[in-house]
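Descriptive structure summary
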Amino acid sequence: MVKVEVKDLKVWLGKNFVIKGINLEILENSVTSIIGPSGCGKSTFLRSINRMNDLISDANIEGEIMIDDKNIYDPDVNVFDLRRKVGMVFQKPNPFPKSIYENIAYGLKIHGTKDRNKIDEIVEKSLRDANLWDEVKDKLFENAFALSGGQQQRLCIARAIAIKPEVILMDEPASALDPIATNSLERLIVELRKNYTIVIVTHNIQQAARVSEYTAFLYLGELVEFNKTEKIFTMPKDKKTEEYVSGRFS
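Residues numbered from 1 in each chain as written. Predicted model: local features only at pLDDT ≥ 70, side-chain atom pairs only at ≥ 80, totals over all residues. Heavy atoms only, no water.

**Things to note about the sheet that holds strand E6 (residues 86-89)**
So the rule is basically this: Two strands pair under a simple rule: DSSP has to find at least two bridges between them. The helix and strand labels rest on DSSP assignments: H or I over at least four residues marks a helix, E over at least two residues marks a strand, and numbering proceeds from the N terminus. Under this scheme, a helix contributes an axis fitted over its contacting stretch, all axes are lines through C-alpha atoms, and angles between N-to-C directions fall in the 0 to 180 degree range. Between two residues, a contact is recorded if the distance between any of their heavy atoms is within 4.5 Å.
Reading across the sheet, the 6 strands line up as E6-E7-E8-E3-E9-E10 and stay open at both edges, with mixed pairing between neighbours. Two strands bound the open sheet, and with one partner strand each, they are E6 and strand E10 (222-228). In this sheet, adjacent strand axes meet at a mean angle of 15 degrees when their direction is disregarded. In this structure, strand E3 (residues 31-35) lies alongside strand E8 (residues 197-201), joined through 4 bridges in parallel fashion. Residue pairing in the sheet places isoleucine 34 in a bridge with valine 201 of E8. Sheet strands in contact with helix H6 (residues 149-162) are E6 and strand E7 (167-171), and its direction is about 170 degrees off that of E6. Contacts from helix H7 (residues 179-192) reach E3, E7 and E8, with the element oriented near 145 degrees to E8.

**Things to note about the sheet that holds strand E4 (residues 59-67)**
Pairing between the strands of a sheet is mediated by backbone hydrogen bonds and can be parallel or antiparallel. Ordered in space as E2-E1-E4-E5, the 4 strands form an open sheet in which the pairing is antiparallel. Edge positions in the sheet fall to strand E2 (16-27) and strand E5 (70-71), since each of these pairs with one other strand and no more. One ladder, built from 8 bridges, connects strand E1 (residues 2-13) with E4; its direction is antiparallel. Bridged to valine 4 within E4 is isoleucine 67.

**Concerning the pairing of E6**
What counts, and what does not: Burial classification: accessible surface area is computed with a 1.4 Å probe over protein chains only, and a residue below 20% of its type maximum counts as buried, one above 50% as exposed, and the rest as partly exposed.
Here E6 shows no split at all, with Val86 and Met88 on one side and Gly87 and Val89 on the other all buried. Alignment of E6 against E7, held across 4 bridges, turns out to be parallel. Bridging across to E7, valine 89 finds its partner in methionine 170.

Below is the structure:
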């Protein structure tokens, strides 16, 4: 079932034509990787899916992004509600300067959850789902900045899933992590796809091959090729795709 349908998406940042008419269908409960060289529009495309580009004053967007058959750029869309439905994990871990517990509880409170027992329950479940509970259960009220980089990133994922999004966007989530933390994060992504639709931007081609079921290759703001990941890496249809995934791209 299609969860996100991108229709002729075009994005300008100032005078720069960054996304040039992309059409793409993202399936529910799957991991889709967006790959391509630096500056090809990957992050801009990702941020279009929860309207983060709205925060850029000179951004202009045309086209439609349908989530559950509703265009998120319709005038009646509440962006606050959209970003609850479409969570985001950024390149560098960005925990709040609060305790581990409050990093998760804060979002629940501003979305209206007041019951302490309910908050406790969701905090624990979110940390368990992010494979972090056993590591932090005895220090929930310590500062989140005391965690390692990999733990901080998993905390950010726990914070994102606590408010029950349907889609999770990840922008280079492992780029600041060491290989062991990266491996842990990749295993988590594979587990999370059972319950969430995940779109991940990554420079790491091997990572895309490991975690995703579908892969989109972007080049100079255009979608060159989109297919099942296995086919993108073993039988690409476009010469540019073949050169990029084989490391011969120039």
